Amino acid sequence: AAAPPQVEDVMELLVPGNGCDLEEGTPVTAEVVYVGQSVAFLWDQANPAPGFTDAEYAAFDDFLTGTTLAVLTDHFGDFSDVDDNDRVLVLLTQEVNKRENLAGFVFSGDLAPLVGATCPGANDAEIFYGLAPDPDGVANPERQITKAALQLLYPPLIAHELTHVLQFVSAFSEGGIFREKGVFKSSWELEGGATLAEQLVGYEVFGEGPRLDLGYTSWRQGANDDEVPNWYVDWVVDMAVYFGFNGEDPPLDAAPEECSWVGRESEGNEGPCETGRAVYGVPSTLIRWIMDRYGDDAADDRALVRRITSSPFRGFATLEDVTGEEILDLLVPFAVTLWADGNPALPESERDWLSSWNVYDVFSSINPDARLRPYVRDGVSEPQLDVNVRAASSAYLEWTPPMDHDPTSLRIRAPTDGGPLPGHMVLWVLRVR
């Protein structure tokens, strides 16, 4: 067989800033310190502390090659290899350490050649930019980062970010949404898919899989900061925040109804739950729910995620394209799922709304305040609830009428003039008893 393409020993690279502009990035001289089966590790020569050993790099490469990349390509498509070296590049650089609240990232401009374009200063490669070990905080006194911490952080983080590379490749391919329409998928599609990827790799790590109704015990093994990489933690923490959990008593008000997940804060999402992660965990759970609802096994899951990734549509239109359903016919039962799945308030035969996870068990076991908590009106004949509901979210009312209560009509009205709500608003009722 022909020898694989070689990776240069030293590269002059640009750590991207904002957009396709050389002036917004930072040039670095990177030494190729380890060339593995699927990954080449690069070391910024200006990094202040020693890097990993060859054995440690080999362990990263073995896991990426044997587990992560196989899961990602099965679900999200194939890499493009724009630099013709058969490998993904991982650049460990202090320039990431210097940036606030950033552990690593990828840059779509590095794949610009796929659409016959150039991005001035881009590196034209499948490349991940990540934190460098810096236990003394030389590069950034606010960030003291050990090798041990990165060995736990990097496996799910790299899985997440390389999913974005595959999403960009799909967008730039023939028929892809960027090539056809000049736009990317919405932020919640991109981040929801990448957060789901962490969970999918976790299945392989722990010998689990879809539709096993996994509960808190399974979730906890993939959410242990001190012992194993956090394969399962992100989707649950993000969901708990969406439900109003903030680690304090009382939990946040107006959650989840004012906590939209269809955009970032920079896109106008200013709800009370916004932490910068609105577009991550909830959309990943929605995609997982669609996989459970419209597929029967892991092979169906792989096909569905590939269809979501490669669909020429954006946002809700993607889900309509993949499922053949109107978006309200998806969002309403998904909203029910967040309260009903595994909930003992329902008969046992009616609790399985999300086949892969037991939502009630996971969130109740973390903290009762971490699960979705409806407004409660108990024993009143005419419940009243005044709420504001933001995009794609729901307000929940749990009403227990008096025993002798007559048949009742429920009415939902606009707060300003008492008239009907717009057509995109829905009142849904789940009768428990």
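Summary of the structure given here. (Residues numbered from 1 in each chain as written. Predicted model: local features only at pLDDT ≥ 70, side-chain atom pairs only at ≥ 80, totals over all residues. Heavy atoms only, no water.)

Describing the state of the cysteines
- Scanning all chains against the criterion turns up one disulfide.
- One disulfide bridge connects Cys259 with Cys273, the sulfur atoms lying 2.0 Å from each other. Taking the torsion about the sulfur-sulfur bond, which here is approximately 55°, the covalent link between Cys259 and Cys273 counts as right-handed. Of this pair, Cys259 sits in the loop between α7 (233–242) and α8 (281–294) while Cys273 is found in the loop between α7 and α8, placing the two residues 14 residues apart along the sequence. Considered together, Cys259 and Cys273 belong to a single accessibility category, that of buried residues. (Disulfide = S-S within 2.5 Å. Helix = DSSP H or I, 4+ residues; strand = E, 2+ residues; numbered from the N terminus. Buried < 20%, exposed > 50% of the residue type's maximum accessible area, 1.4 Å probe, protein only.)

Digging into the packing of α7 against α8
- Across the interface, α7 lies against α8 with an axial gap of 7 Å and an inter-helix angle of 110°. One finds that α7 runs roughly perpendicular with respect to α8. The interaxial crossing formed by α7 with α8 has left-handed handedness. Between α7, through Trp235, Asp238, Met239 and Tyr242, and α8, the contact on the second element is made entirely by Gly281, Val282, Ser284 and Thr285.
- Looking at the contact of α7 with α8 residue by residue, the class counts come to four nonpolar, three polar and one charged. (Axes fitted to C-alpha atoms, helices over the stretch in contact; angles between N-to-C directions. Parallel < 35°, antiparallel > 145°, perpendicular 65-115°, else oblique. Left-handed = near helix turned anticlockwise from the far one by under 90°. Contact = heavy atoms within 4.5 Å. Nonpolar A, V, L, I, M, F, W, Y, C, P; charged D, E, K, R; others polar.)

Here we look at the environment of Leu200
- Within the secondary structure, Leu200 sits in helix α5 (residues 187–206).
- Separated by 125 residues in sequence, Leu200 and His75 have C-alpha atoms that sit 9.1 Å apart.
- If sequence neighbours within four positions are ignored, Leu200 has contacts with Val71, His75, Phe76, Arg288 and Met291.

A closer look at helix α9 (residues 298–310)
- The terminal C-alpha atoms of α9, which comprises 13 residues, lie 18 Å apart, in line with the 18 Å expected from a rise of 1.5 Å per residue.
- Those residues of α9 that sit buried are Asp301, Leu304, Val305, Ile308 and Thr309. The buried residues of α9 occupy an angular sector of 135° when projected down its axis, which confines them to one face.
- Taken together, the buried residues of α9 touch α1 (54–76), α3 (147–172), α5, α8 and α10 (316–323). (Expected span 1.5 Å × (residues − 1). Arc of directions from axis to C-beta.)

A closer look at the environment of Phe63
- For Phe63, the location among the structural elements is in helix α1.
- Here Phe63 falls in the partly exposed class, since its relative accessible area comes to 27%.
- Sequence separation between Phe63 and Pro155 is 92 residues, and the spatial gap between their C-alpha atoms is 8.2 Å.
- Setting aside chain neighbours within four positions, we find Phe63 in contact with Thr68, Pro155, Val201, Val205 and Trp231.

Brief notes about a nonpolar patch on the surface
- A contiguous nonpolar patch, built from Leu410, Ile412, Leu427 and Val429 and spanning about 380 Å² of accessible area, is present on the exposed surface.
- Checked against the element boundaries, Val429 lands in the segment after β8 (397–400).
- A residue is classified by how much of its surface remains accessible, and Val429, at 63% relative accessible area, is exposed. (Patch = residues over 30% accessible without salt bridge, like charges linked within 9 Å, V, L, I, M, F, W, Y side chains within 5 Å. Areas by Shrake-Rupley, 256 points an atom, 1.4 Å probe, with all protein chains shown as cover. Salt bridge = Lys/Arg side-chain N within 4 Å of Asp/Glu carboxyl O.)

With respect to the packing of aromatic side chains
- Here the structure, examined in full by the defined rule, presents 26 aromatic pairs.
- Residues Phe243 and Phe363 carry aromatic rings whose centres are separated by 5.4 Å and whose planes lie at 65° to one another, so their mutual orientation is edge-to-face. Here Phe243, found in the loop between α7 and α8, pairs with Phe363, found in helix α12 (residues 359–366); they are 120 residues apart in sequence, far enough to count as distant.
- Among the residues examined, Phe243 registers a relative accessible area of 1% and is labelled buried.
- Ring pairing ties together the aromatic residues Tyr203, Phe206, Tyr232, Trp235, Tyr242, Phe243, Trp357 and Phe363, which thus form one cluster.
- Over the aromatic face of Tyr280 sits the side chain of Arg277, whose NZ or CZ is 4.0 Å from the ring centroid. (Phe/Tyr/Trp six-rings, centres within 6.5 Å; stacked < 30°, edge-to-face > 60°. Lys NZ or Arg CZ within 6 Å of the ring centre and 35° of its normal.)

Regarding the packing of α8 against α9
- Their axes nearest at 10 Å, the elements α8 and α9 cross at an angle of 130°. One element, α8, and the other, α9, form an angle in the oblique class. In the packing of α8 onto α9, the handedness of the crossing is right-handed. Here Ile287, Arg288, Ile290, Met291 and Tyr294 of α8 lie close against α9, whose contacting residues are Asp301, Leu304, Val305 and Ile308.
- Looking at the contact of α8 with α9 residue by residue, the classes come out as seven nonpolar, no polar and two charged.

Considerations on the pairing of strand β2 (residues 26–35)
- Sheet analysis places strand β1 (residues 10–15) next to β2, joined by six bridges and oriented antiparallel. Residue pairing in the sheet places Leu13 in a bridge with Val28 of β2.
- The pairing of β2 with strand β3 (residues 39–44) spans five bridges and is classified as antiparallel. The residue bridging Tyr34 from the neighbouring strand is Phe41, located in β3. (Pairing = 2+ DSSP bridges.)

Some details on the sheet that holds strand β5 (residues 104–105)
- With mixed pairing, the six strands of this open sheet are ordered in space as β1-β2-β3-β4-β6-β5. One side of each edge strand has no neighbouring strand; the edge strands of this open sheet are β1 and β5.
- The sheet strands contacting α3 are β4 (88–92), β5 and β6 (127–130), and the helix crosses β6 at an angle near 135°.

Notes on the pattern of salt bridges
- With the rule as written, the count across this model stands at 11 salt bridges.
- Note that Arg306 is salt-bridged to Asp78, the shortest N-O span being 3.8 Å. Taken together, the residues span a long stretch of sequence, with Arg306 in helix α9 and Asp78 in the loop between α1 and β4 at a distance of 228 residues.
- You can call Arg306 partly exposed: its relative accessible area is 34%.
- Among the salt bridges present, the one from Asp301 reaches Arg211, with a minimum N-O distance of 2.6 Å. Here the residue Asp301 occupies a position in helix α9, and Arg211 occupies one in the loop between α5 and α6 (216–221), the gap between them amounting to 90 residues.
- A single salt-bridge network, built from bridges that share partners, covers Arg211, Arg288, Asp292 and Asp301.

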